[in-house]
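Spelled out, the chains give:
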Amino acid sequence: MSTAKTRHHHGDLKRALIQAGIDLLEEGGLDALTLRKCAARAGVSHAAPAHHFAGLPGLITAIAEEGFDIFSKYMTDAIEAGEQTDRERLRSICRGYLQFGLSHSGLLKVMFGEHGLGIHAPRDGRDEAEAYLILRGVCAPFVPEDEDPHIVEAQVWSLIHGFTLLYIGGEFGCSSTPIEDSPFEAVMALIDRIGTQANT
């Protein structure tokens, strides 16, 4: 018996199937994801996923949770690594968002939208999702008094999500173009104009 299969019998098959699903999504989007392909990628029989997931929807739900957890970690790690002023924390979350897109472009592209992974994540709604709460936290100091916080959150999210998709799509040169040679800092200049209550 192979080392991989022996290891799965010790309890990490579920994790291996989730990772296999993420890899398939990265390579070919949601259309590439099937239970049979995940089992083959994980090196187990096609019947093995049934022991851990209620069909393909159950696997997609688990992948969605994992994908958003990875996404959240990129943003929190970037915040922790940066300067701790309100303005720099806002910039840091944008860097973390972009880095996630660069490292997991296939996953990012299937996480949002009408048919994206977000609809499968077992959350109580977008506003309660960890990734959105991270965004909300860094945007909060820039929300003018008596203004709906969703306005500032939408401004920041739209700017960095749009930039990230354009960047990884090669619209600013090839996708390997160094960030410093891209319009990233110009976008950050727009971020700097958001809100009026920053700590400089």
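Scroll up to find the structure this text is about.
In this report, the structure presented in the accompanying data block is examined. (Residues numbered from 1 in each chain as written. Predicted model: local features only at pLDDT ≥ 70, side-chain atom pairs only at ≥ 80, totals over all residues. Heavy atoms only, no water.)

## So, the overall build of the protein
This is how the line gets drawn: Under the DSSP-based scheme used, a helix requires at least four consecutive residues in state H or I and a strand at least two consecutive residues in state E, with every element numbered from the N terminus. When a residue's accessible area, from a 1.4 Å probe over protein chains only, is under 20% of the maximum for its type it is buried; when over 50% it is exposed; and in between it is partly exposed. In what follows, a contact means two residues having at least one pair of non-hydrogen atoms within 4.5 Å. Computed with a 1.4 Å probe, the accessible areas rest on the Shrake-Rupley method; for each residue, only the protein chains presented here act as cover.
When helices and strands are tallied, the protein shows eight helices and zero strands. Order of helices (α) and strands (β) in the protein, N terminus to C terminus: α-α-α-α-α-α-α-α. A burial count over the protein gives 40% of its 200 residues as buried. Within the protein, residue pairs in contact and separated by at least 24 positions form 66% of the contacts whose partners lie at least 6 positions apart. For the protein, the exposed surface amounts to about 10500 Å²; the carbon and sulfur share of it is 53%.

## Examining the side chain of Ser 72
Mapped onto the elements, Ser 72 comes out in helix H3 (residues 55-81). Every residue in contact with Ser 72, bar those within four places of it in the chain, is listed here: Glu 130, Ala 131 and Ile 134.

## Thoughts on the packing of H3 against helix H6 (residues 130-139)
This is how the line gets drawn: Only C-alpha atoms enter the line fits that serve as axes; for helices the fit covers just the stretch in contact. Angles between N-to-C directions range over 0 to 180 degrees. Every angle not falling under 35 degrees, over 145, or within 65 to 115 is termed oblique; those three ranges are roughly parallel, roughly antiparallel and roughly perpendicular. When the near helix sits turned anticlockwise from the far one by under a right angle, the crossing is termed left-handed; a clockwise turn instead gives a right-handed crossing. Gly falls in the polar group here, along with every residue not listed as nonpolar (Ala, Val, Leu, Ile, Met, Phe, Trp, Tyr, Cys, Pro) or charged (Asp, Glu, Lys, Arg).
It is the contact of H3 with H6, at a shortest axis distance of 8 Å, that shows an interaxial angle of 25 degrees. Comparing their axes, H6 and H3 come out roughly parallel. The handedness of the crossing between H3 and H6 comes out as left-handed. Facing H3, whose interface residues are Asp 69, Phe 71, Ser 72, Met 75, Thr 76 and Ile 79, H6 presents Glu 130, Ala 131, Ile 134 and Val 138. When its residues are assigned to classes, the contact of H3 with H6 shows six nonpolar, two polar and two charged.

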